[in-house]
Amino acid sequence: MKLVAAAKVRRAQEAVINGRPFSNTLVEVLHYINEQLQDDGVSVPLTEVRAVKRVALVVITGDRGLCGSLNAGILKMAESRIAELTDLGLDCTVISVGRKGNSYFRRRSRAPVVSVDRFVEGGGRFPTAKEAQVIADDVFSLFVSEEVDKVELLYTKFVSFVESATVIQTLLPLSMKGEVFDQNGNCVDAMEDELFRLTTKEGKLSVERDKVQSEKVEFSPFLEFEQDPAQILDALMPLYLNSQILRALQESLASELAARMCAMSNATDNAVELTKTLSLAYNRKRQAKITGEILEIVAGADALSEQP
């Protein structure tokens, strides 16, 4: 299992790293177009920030176990976030992606009670844009129909072969101010949230947490749109949703394979150590038994020799 995971994790890692430049560049394009439209009064549904009453959590877990505490970690974070939102007086629903998460939420009965909007089976293969589109369509429908006011993405971010990090990322709305509030004016973003902020540092997006960064996209201030900017945004927004969800699926898979590789390596090392310990204990018992038998024979021979 370690060798199989090691063979797959390289491909998964390459998918993660190769997909990051496209995702980051798309964010820069959206940022630039949104900046140009601020004075035009163009309304884009996915950028509409409204008072938060209900939150959708897209929880991405693995399809298989034997990967250490990876699945338990993301489910623990989901429970913590659900409790946090409940304490704020907000309702929430879950979109579960992955067999482990589906199994957990199907049998979950603890308070607070949370509804599950959709169960998505991962299939165990490398994620594709088609699979991401199924989730993106559901998220888009929930937000545009105002069934939910905020969508958060919970997944395991791939850092290295020996390290991963559970992440909460605000997917919708695309907030120009960088923060989303409830109806009482309280910020409902998670403390460790990787928020989609269109103004973080002097109006520029920050990607400091990513070790592999794409070059900043510089747009000419004299750039003119051949099409209506609203039409361009309508085409880019679904593409942005799909790319962010696909990236999260790829990161989760890479993290799962890396965690399984490490878990199986540790299991192998522990099994070798256990074999050595048990062999030593067995040899000691065997030697003690042989020594006892020899002592009995010697004692019997001595007894016979002492007889007249």
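Residues numbered from 1 in each chain as written. Predicted model: local features only at pLDDT ≥ 70, side-chain atom pairs only at ≥ 80, totals over all residues. Heavy atoms only, no water.

For the protein chain, the name recorded in an unreviewed UniProt entry is F-ATPase gamma subunit, with Vitis vinifera as its organism. Taken verbatim from the UniProt record of the protein chain, the Subunit (unreviewed entry) comment is "F-type ATPases have 2 components, CF(1) - the catalytic core - and CF(0) - the membrane proton channel. CF(1) has five subunits: alpha(3), beta(3), gamma(1), delta(1), epsilon(1). CF(0) has four main subunits: a, b, b' and c." Per UniProt, the protein chain carries the Sequence similarities (unreviewed entry) text "Belongs to the ATPase gamma chain family." (UniProt positions renumbered as here; feature names shortened; annotations may be inferred.)

*Asks:* Just checking my understanding: could you explain the sheet that holds strand β5 (residues 163–172) for this structure?
*Replies:* In a beta sheet, neighbouring strands pair by backbone hydrogen bonds and run either parallel or antiparallel. Read across the sheet, 5 strands follow the order β3-β2-β1-β4-β5 without closing on themselves; strand pairing throughout is mixed. Single-partner strands in this sheet number two, and they are β3 (115–120) and β5. The mean angle between the axes of side-by-side strands here comes to 20 degrees, regardless of whether they run parallel or antiparallel. Relative to β5, strand β4 (residues 150–160) is paired through 9 bridges, and the arrangement is antiparallel. For Glu152, the partnering residue across the bridge sits in β5 and is Thr170. Seen against the sheet, helix α4 (residues 129–144) touches β1 (54–60), β2 (91–97), β3, β4 and β5 and runs at an angle of roughly 155 degrees to β3. (Pairing = 2+ DSSP bridges. Helix = DSSP H or I, 4+ residues; strand = E, 2+ residues; numbered from the N terminus. Axes fitted to C-alpha atoms, helices over the stretch in contact; angles between N-to-C directions. Contact = heavy atoms within 4.5 Å.)

*Asks:* Even after reading the chapter, I still don't get the packing of aromatic side chains, so can you show me in this structure?
*Replies:* The geometry of an aromatic ring pair comes down to the distance between the two centres and the angle between the two planes. Scanning the entire structure with this criterion turns up 1 aromatic pair. Between the aromatic rings of Tyr104 and Phe105, the centroid separation amounts to 5.3 Å while the plane-to-plane angle is 80 degrees, which identifies the pairing as edge-to-face. For the pair Tyr104 and Phe105, a shared accessibility class is recorded, and that class is buried. Geometry around Phe143 places Arg50 over its ring, the cationic atom sitting 4.4 Å from the centre. (Phe/Tyr/Trp six-rings, centres within 6.5 Å; stacked < 30°, edge-to-face > 60°. Buried < 20%, exposed > 50% of the residue type's maximum accessible area, 1.4 Å probe, protein only. Lys NZ or Arg CZ within 6 Å of the ring centre and 35° of its normal.)

*Asks:* Can you help me understand the confidence of the model for the protein chain in this one?
*Replies:* Regions with low pLDDT should not have their predicted coordinates read in detail. Of all residues in the protein chain, 78% have pLDDT values of 70 or greater, and the mean over the chain is 77. Confidence, read as mean pLDDT per element, is least for helix α1 (residues 2–37) in the protein chain (74) and greatest for β1 (91). Per-residue pLDDT stays below 50 along residues 188–201; that stretch engages in 59 contacts with residues further than four places along the chain or on separate chains. With pLDDT under 50 throughout, residues 203–215 is counted as low confidence; its partners more than four residues away or in other chains account for 30 contacts. (pLDDT = per-residue confidence, 0-100.)

*Asks:* Before we go on, may I ask you to explain the pattern of salt bridges in this structure?
*Replies:* Oppositely charged side chains can form a pair if their charged atoms are brought close together. This structure, assessed with the given rule, holds 9 salt bridges. The partner of Asp91 in a salt bridge is Arg54, and the shortest N-O contact between them spans 3.1 Å. You can see Asp91 sitting in strand β2 and its partner Arg54 sitting in strand β1, a full 37 residues away along the chain. A relative accessible area of 42% means that Asp91 is categorised as partly exposed. In this structure, Arg81 and Glu152 form a salt bridge, with 2.6 Å as the shortest nitrogen-oxygen distance. Here Arg81, found in helix α2 (residues 70–87), pairs with Glu152, found in strand β4; they are 71 residues apart in sequence, far enough to count as distant. Note on accessibility: Arg81 and Glu152 belong to one class, buried. A network of salt bridges, in which partner residues are shared, links Arg81, Glu84, Lys150 and Glu152. (Salt bridge = Lys/Arg side-chain N within 4 Å of Asp/Glu carboxyl O.)

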